[in-house]
Amino acid sequence: MSQPATTLAATKSRHARQGGLKIALVFGLAIVVALIAPHLFASGFGLSLLNRMAIAIVFALSFNMLLGQGGMLDFGHAVFFGLGGFATMHLLKWVDGGLPLPVALLPLAGALGGAFVAVPAGWISTRREGTAFAMITLGIAELAVALVVMIPQWFGGEEGVSGDRSGGMPLFGFDFGAASQIYYVLAFWALIAAALMWGVTRTPLGRLANAVRDNPLRVDFLGYDPARIRFLTFILSGFFAGIAGGMQALNDEILTVSNIGSQASGAVLLMTYIGGVGTFSGPIIGAVLITLLQMALGTLTDAWQLYSGLIFVAMVLWAPGGISGIIRSHAPILRGGLGGRLLAAYLALLPAALVTLAGIIGLAELAYRLQAVRGGGKPGHLFGLAVSPTTPWQWLIPLALFLFGAALLSRLAPGARAAWQEAAAFAAGRRGR
Amino acid sequence: MTSALSLRGLYKSFGPTSILRDISLDIAAGTRHTIIGPNGAGKSTLFHLITGRLRLDRGEVWLAGENITGLSPHAIFRRGLARSFQVTSLFPRLSVFENLRIAGMRNAGCGHAFWRRLDGFAELAEQVEEMLTLLELGPRRDVAADALAYAEQRALEIGLALVGGAHTILLDEPTAGMSRAETERTVTLLRRLSAGRTLVMIEHDLSVVFDLADTITVLADGGVIASGPPASVRGDARVRAAYLGAAAEVLT
Amino acid sequence: MQEALFVLLNGLVYGLLLFMLSSGLTLIVGMMGVLNFAHASFYMLGAYFAYTISVGLGFWPALIAAPLLVGVLGVAVERYGLRAVHRHGKLAELLFTVGLAFIIGEIVPLIWGRSAVPYRVPALLDFPAFTLGGIQYQAYRLFMMAVSVAIFAGLYAALARTRLGLVIRAALTHPDMVAMLGHDVPRVFTLVFGAGCALAGLAGVIGGNAFTTTPGMAEALGAIVFAVVIMGGLGSIPGALIASLAIGLIQTVSITLDMPLGAMLGHIGLPLDPHGALGQITIAHAAPAVPYLMLVLVLALHPRGLMGARAD
Ligand SMILES: Nc1ncnc2c1ncn2[C@@H]1O[C@H](COP(=O)(O)OP(=O)(O)O)[C@@H](O)[C@H]1O
Ligand SMILES: [Mg+2]
């Protein structure tokens, strides 16, 4: 049954080579996408969207270094992001004042700032694991916010600290003042940071972080101190979060307390989890998608926050692997050519899902418009219809849609799940032979 | 010469319940030693005390001439002592290969490096491949540990203790729950891999005990009631009375 | 002198309120290992329910009904939410409660508006209980103290004397063992979770009118309650009591100290530029940071908290 060791080793090195090739391809593709994207989305909105995505990708990847790879839920990850940003901002002001440094290099200051702050924070928090770790990071985050508010001389109080990114030394004739120019700086750092973070997953420390996530006790009996591994991973993660913060400083040219606060920490948790913590690409997917939704829906509806909360809870309940988890659980089925059959089962769910969704959106929008009306505003339109949230019967329609849709969904869902399980088992069987 | 492992007057209680009292034991380097005793005698607790899992109330533990009392588990491992667990304790989401590789990392000099490729440690990978073959887990190389069958998990559990090249190895009931054939294969494996090392194992299967052990210790009622080569333990009246009872025929 | 006494009394009231909140959370953490992130949200719901009920029926019915409603909500959350994510592990449970807290935080202002609601102290207790040196002390504050102390005593007695209490105490330290002894642990979990939420609701009822009832009240207190529970040691009721009182007193006292750090450290011989960024901070400024500073200090010295029982 078992192959001779030599051929086994040969197969392995071929696998490794192919793996290396695949990575080079993926990375090359990422560079191409990064170069093409600003031409496809050349509008002000498009560029601003791309810039935000680049920042979010780095931030989410650094967050998942802790959550997905190390099993550490950091409720205060924005502390490293924000303080890295402040470090960059202060350096930027010096650059504005004549310090001869190219602005494009400044995210490095963010990285050092993030890592510097992560040392004391990690020293306290990483001695514990799981829930206790998460709560301690929350306390540290509150402490950081309180300190930042307390020292307006350094952090600018309510107004924050601002700088001018075009005031530095030009590089290759660019001063990076325009959004289209700073894009290339941000894309460059996003690619570098992502590549480095991917690299870390392939190192001894990266693998040890996985081990500590899965079974810290056993790690202790294999010669490694789990707390030390958590600590080092935490500092690395702070380093990369700091890069993202530095990118943010360059992009927005202003940083305030809100950049280190609970909203920012919650946002990165949201993106990462929805994208999927189980894979390296998950946080990237989440960062791109949530940034897009936020910028598109955030202007369209007041209810965006509520929707994102609902999506998050739905994911925790029904798709803990996030979007990348869903993709991964379907990949073998699609490769096995069983996608068509499964698609039919899923399509059967679609009407019920749409009805439920319409009901939820209707209820949420009515509620938000009721609030607007109470505040003296106008209710506006929904799905092209004039709404009047003070009329009781208007609430009955979405309520009925929701109840009907949810009931239908709960009837149909087991069937779709069974179809998926059957297809997955079938695909696995095929591969096994 | 110094013993591989030397226990000097160990005491342990859980709350008011005294579990171990005045345990002293010397295990010569390069020998295979078995600890037997009824369920609940405190054998696993003794392993926990030696390896730093539990803190002892009194006494000292010496490993190869060095006092390791009170050290943390990872510090003890670094001094050359590896162990397995009675209740399987693996890295469930990682592949069999990665499980074994993690176990070998410390002694392969990987440290906490985050600037070197783990795949670059070729000798470690070779060591792991070898262990995979020995454990007959080669075909399951890339399967996640939690997807293994029970016996495969037990084999991997032993493999984690063996792969790092520790000079002293503690195995807590390595053959528990294995079939006859699996047990025999494990015994062969242990015989082969314990050459030149010190092996201490807790074992219930008396045929395994008498097959493998150079020396045997019997633990009962919180104390060592007999310790020595199989022949002398076999003949000990107290052992017969206190522990072996119905199993006495096996001995004769 | 009298002023100092008042400050101490207020610190005591605040500390006892914190304890009321954290006792429920401590029970839940100790037993289930789940840190309910939405705990302070249930506190907020208690206050808002009480406000709505008291508008129609008055304070006293609200005192009973609002905690019960919150408790029922807690039971539903445990039964249909937490239990479903349980198989995905501890982190998933925690994340579920994070999402829940977020959603509650969005829905409350939708129903009751973004600004504070006029939830007032009942007229029956809105009189000065005593006057010291010209300052009046409201009777309602004494009532709050009495309720908190009664809860501590009741909880203590229930845990020590009843059979359910015995199971809960055993489950605090040995959850697996209790399950093996044939107790219906899931049911006990649901009950404890509901009771913990009801306690949070009760704290909301009596804290919401003493302080203010706004959509921000959960976030303001939430992090402090976690600090209490971690500082006291996960699962330890006496630890939670000590930490609550310590934070309540120290934070309340520090609000009244407006001496700049530079000057103060100067007194004890530590040099800190009184005109620099740090030297100008007063203790009162630093008051919001106090609970977290204490948390960090305690953990630096004592990673498991003051009286930590559970490791995770
Ligand atoms: N953490 C603990 N707390 C309390 N009692 C324990 C603990 N661990 C083990 N015991 C008790 O100590 C005794 C010895 O257990 P153990 O060492 O596992 O026995 P053995 O391995 O010999 O079967 C048993 O009675 C067991 O119930
Ligand atoms: Mg045992």
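Residues numbered from 1 in each chain as written. Chains lettered and ligands numbered in written order. Predicted model: local features only at pLDDT ≥ 70, side-chain atom pairs only at ≥ 80, totals over all residues. Heavy atoms only, no water.

What's the story with the overall build of chain A in this structure? I'm lost.
The helix and strand tally for chain A stands at 16 helices and 4 strands. For chain A, whose C-alpha radius of gyration is 24 Å, the value lies close to the compact-globule estimate of 22 Å for 433 residues. Principal-axis analysis of the C-alpha atoms places the extent of chain A at approximately 80 × 65 × 45 Å. Across the 433 residues of chain A, 50% fall into the buried class. Here chain A has roughly 19,400 Å² of accessible surface; of this, 71% comes from carbon and sulfur atoms. (Helix = DSSP H or I, 4+ residues; strand = E, 2+ residues; numbered from the N terminus. Rg over C-alpha atoms; globule rule 2.2 N^0.38 Å. Buried < 20%, exposed > 50% of the residue type's maximum accessible area, 1.4 Å probe, protein only. Areas by Shrake-Rupley, 256 points an atom, 1.4 Å probe, with all protein chains shown as cover.)

Before we go on, may I ask you to explain the coordination of the magnesium ion (ligand 2) in this structure?
Put simply, a metal with four donors set out as a tetrahedron has ideal angles of 109.5 degrees, and one with six donors set out as an octahedron has ideal angles of 90 or 180 degrees. Residues and elements named next belong to chain B. Every protein donor of the magnesium ion (ligand 2) is listed here as Ser 44 (OG) and Gln 86 (OE1), and their distances to the metal cover 2.0 to 2.1 Å. With Ser 44 in helix H1 (residues 43–51) and Gln 86 in the loop between strand S6 (81–83) and helix H3 (96–105), the pair connects residues that are 42 residues apart, well separated along the chain. For Ser 44, a relative accessible area of 19% puts it in the buried group. (Donors = N, O, S within 2.8 Å, 3.2 Å for Na, K, Ca; no water.)

Honestly, the sheet that holds strand S2 (residues 17–28) of chain B in this entry has me stumped. Any pointers?
In a beta sheet, neighbouring strands are held together by backbone hydrogen bonds and run either parallel or antiparallel to one another. Residue and element names in this part refer to chain B. In space, the 4 strands of this open sheet follow the order S2-S1-S4-S5, with antiparallel pairing throughout. With one partner strand each, in any of the chains shown, S2 and strand S5 (66–67) form the two edges of the open sheet. The pairing of strand S1 (residues 3–14) with S2 spans 8 bridges and is antiparallel. Directly across from Ser 6, in S2, lies its bridge partner Asp 26. Relative to S1, H1 is tilted by about 115°, and along the sheet it contacts S1, S2 and strand S4 (58–63). (Pairing = 2+ DSSP bridges. Contact = heavy atoms within 4.5 Å. Axes fitted to C-alpha atoms, helices over the stretch in contact; angles between N-to-C directions.)

Can you walk me through the interface of chain A and chain B in this structure?
Many descriptions give the size of an interface as the accessible area lost when the pieces come together. Taken together, the contact pairs 27 residues of chain A with 37 residues of chain B. The junction of chain A with chain B conceals about 3,000 Å² of combined surface from both sides, 64% of it contributed by carbon and sulfur atoms. Linking chain A to chain B there are 3 salt bridges. Between Arg218(A) and Glu157(B) there is a salt bridge whose closest N-O contact spans 2.5 Å. Our enumeration of links across chain A and chain B arrives at 13 residue pairs in polar contact (both at pLDDT 80 or more). Breaking the side of chain A that touches chain B down by element, the ones donating at least two residues are helix H1 (5–40), helix H8 (204–214), helix H9 (216–220) and helix H10 (226–252) of chain A. Residue contributions to the side of chain A that touches chain B peak at 8 residues, all from H8(A). (Buried area = accessible area lost by both parts, 1.4 Å probe. Salt bridge = Lys/Arg side-chain N within 4 Å of Asp/Glu carboxyl O. Polar contact = N/O pair within 3.5 Å; in protein donor to acceptor, adjacent residues only side chain to side chain.)

Help me understand the site of ligand 1, please; the structure alone is not making it clear to me.
All names here are of chain B. Taken together, the residues surrounding ligand 1 are Phe 14, Ile 19, Pro 38, Asn 39, Gly 40, Ala 41, Gly 42, Lys 43, Ser 44 and Thr 45. Measuring from an oxygen atom of ligand 1, one finds a backbone N or O atom of Ala 41 at 3.2 Å. Ser 44 places a side-chain nitrogen or oxygen 2.8 Å from an oxygen atom of ligand 1. Compared with its free state, where it exposes 570 Å², ligand 1 has 58% of that area covered by protein. The element best represented in the shell around ligand 1 is H1, accounting for 3 residues. (Near = heavy atom within 4 Å.)

How do you make sense of the packing of aromatic side chains when you look at a structure like this?
Scanning all chains against the criterion turns up 22 aromatic pairs over all chains. Measuring from centroid to centroid gives 5.7 Å for Trp60(C) and Phe143(C), while their planes differ by 80°, and the two rings are edge-to-face. Taken together, the residues Trp60(C) in helix H3 (residues 59–85) and Phe143(C) in helix H5 (residues 139–161) connect sequence positions 83 residues apart. On the basis of relative accessible area, Phe143(C) is assigned to the buried category, the value being 18%. In this structure an aromatic cluster arises from ring pairing among Phe59(C), Trp60(C), Tyr140(C) and Phe143(C). Against the face of Trp123(A) rests Arg127(A), its NZ or CZ located 4.6 Å from the ring centre. Between Arg234(B) and the ring centre of Phe210(B), over which it is positioned, the NZ or CZ distance is 4.5 Å. (Phe/Tyr/Trp six-rings, centres within 6.5 Å; stacked < 30°, edge-to-face > 60°. Lys NZ or Arg CZ within 6 Å of the ring centre and 35° of its normal.)

Hey, could you run me through the nonpolar core in this one?
The nonpolar side chains of soluble globular proteins are, as a tendency, buried together. In this structure, Phe75(A) and Leu100(B) are the most contacted members of the largest nonpolar core, which totals 252 residues. Considering each element in turn, this core owes the most residues, 16 residues, to helix H1 (residues 2–32) of chain C. Discounting chain neighbours no more than four positions away, the residues touching Phe75(A) are Ala134(A), Met135(A), Thr137(A), Leu138(A), Ser265(A), Leu269(A), Phe37(C), Leu94(C) and Val98(C). In this structure, Leu25(B), Ile68(B), Leu81(B) and Leu219(B) belong to the second largest nonpolar core, which totals 23 residues. (Core = buried A, V, L, I, M, F, W, Y, C linked by side-chain atoms within 4.5 Å.)

I would appreciate a short explanation of the confidence of the model for chain C in the present structure.
Note that predicted coordinates carrying low pLDDT should not be read in detail. The predicted model of chain C averages 82 in pLDDT, with 85% of residues at 70 or higher. The secondary-structure element of chain C with the lowest mean pLDDT is helix H7 (residues 175–180) of chain C, recorded at 64, while helix H2 (residues 39–57) of chain C shows the highest, at 93. (pLDDT = per-residue confidence, 0-100.)

Which parts of the structure should I look at to understand the sheet that holds strand S9 (residues 215–220) of chain B?
Residues and elements named next belong to chain B. Sheet architecture is open: 6 strands sit in the order S6-S7-S8-S3-S9-S10, paired in mixed fashion. The open sheet is flanked by S6 and strand S10 (223–228), the only strands paired with a single partner. In this sheet, neighbouring strand axes are inclined to one another by 15° on average, regardless of whether the strands run parallel or antiparallel. Across 4 bridges, the pairing between strand S3 (residues 32–36) and S9 is parallel. Paired with Ile 36 across the bridge in S9 is Val 218. Running at roughly 150° to strand S7 (residues 168–172), H1 makes contact with S3, S6, S7, strand S8 (198–202) and S9 of the sheet.

Where do I start with unusual backbone geometry in this structure?
In most cases, non-glycine residues show a negative phi, while peptide bonds are predominantly trans. All names here are of chain A. The phi dihedral of Glu 253 falls on the positive side, at around 60°, and the residue is not glycine. By the secondary structure assignment, Glu 253 is in the loop between H10 and strand S2 (254–255). What makes Glu 253 partly exposed here is its relative accessible area of 23%.

Mind showing me how you'd approach helix H5 (residues 130–150) of chain A here?
Residues spaced three or four apart along an α-helix point in a common direction, a consequence of the helix completing one turn every 3.6 residues. In this model, H5(A) (21 residues) spans 31 Å end to end at C-alpha, consistent with the 30 Å of a helix rising 1.5 Å per residue. Counting buried residues in H5(A) gives 16 out of 21 residues, a clear majority hidden from the surface. (Expected span 1.5 Å × (residues − 1).)

So what exactly am I meant to see when it comes to the interface of chain A and chain C here?
The partner chain C presents 51 residues to the 41 residues of chain A that form the contact. When chain A packs against chain C, the two sides together hide about 3,900 Å² of surface, and 75% of this comes from carbon and sulfur. At the junction of chain A with chain C, the criterion picks out 4 residue pairs in polar contact (both at pLDDT 80 or more). Within the residue set of the side of chain A that touches chain C, elements represented by two or more residues are helix H4 (107–125), H5, helix H6 (152–155), helix H11 (262–275), helix H13 (304–318) and helix H15 (339–374) of chain A. For the side of chain A that touches chain C, the element with the highest residue contribution is H5(A), accounting for 12 residues.

Would you mind showing me how to read the packing of H13(A) against helix H4 (residues 90–112) of chain C here?
Packed helix pairs are specified by the crossing angle of their axes together with the interaxial distance, meaning the distance between the axes. Two numbers describe how H13(A) lies on H4(C): the axes approach to 9 Å, and their chain directions differ by 155°. The angle between H13(A) and H4(C) falls in the class roughly antiparallel. The chirality of how H13(A) crosses H4(C) is left-handed. On H4(C), the residues touching Gln305(A), Leu306(A), Ser308(A), Gly309(A), Leu310(A), Phe312(A), Val313(A), Val316(A) and Leu317(A) of H13(A) are Ala92(C), Leu95(C), Phe96(C), Gly99(C), Leu100(C), Phe102(C), Ile103(C), Glu106(C) and Ile107(C). Of the residues contributing to the contact of H13(A) with H4(C), the split by class is 13 nonpolar, 4 polar and 1 charged. (Parallel < 35°, antiparallel > 145°, perpendicular 65-115°, else oblique. Left-handed = near helix turned anticlockwise from the far one by under 90°. Nonpolar A, V, L, I, M, F, W, Y, C, P; charged D, E, K, R; others polar.)

Whenever I open this one, the environment of Pro288(C) confuses me. Can you help?
Relative to the helices and strands, Pro288(C) is located in the loop between helix H12 (283–286) and helix H13 (290–301). Setting aside chain neighbours within four positions, we find Pro288(C) in contact with Ala146(A) and Gln251(C).

Sorry if this is basic, but what is going on with the domain arrangement of chain A here?
Residues and elements named next belong to chain A. Taken domain by domain, chain A consists of domain 1 (25–323) and domain 2 (336–432). Each of domain 1 and domain 2 was reduced to a C-alpha centroid, and the two centroids are 32 Å apart. Of the roughly 490 Å² buried where domain 1 meets domain 2, counting both sides, 62% is carbon and sulfur surface. Ranking the residues of domain 1 by area buried against domain 2 places Asp 302, Leu 306 and Tyr 307 at the top, with a combined share of 64%. Seen at the junction of domain 1 and domain 2, the total is 0 salt bridges. Joining domain 1 to domain 2, the criterion identifies 1 residue pair in polar contact (both at pLDDT 80 or more). Here the residues of the side of domain 1 that touches domain 2 are counted per class, giving 4 nonpolar, 1 polar and 1 charged. (Domains from an automatic or database assignment.)

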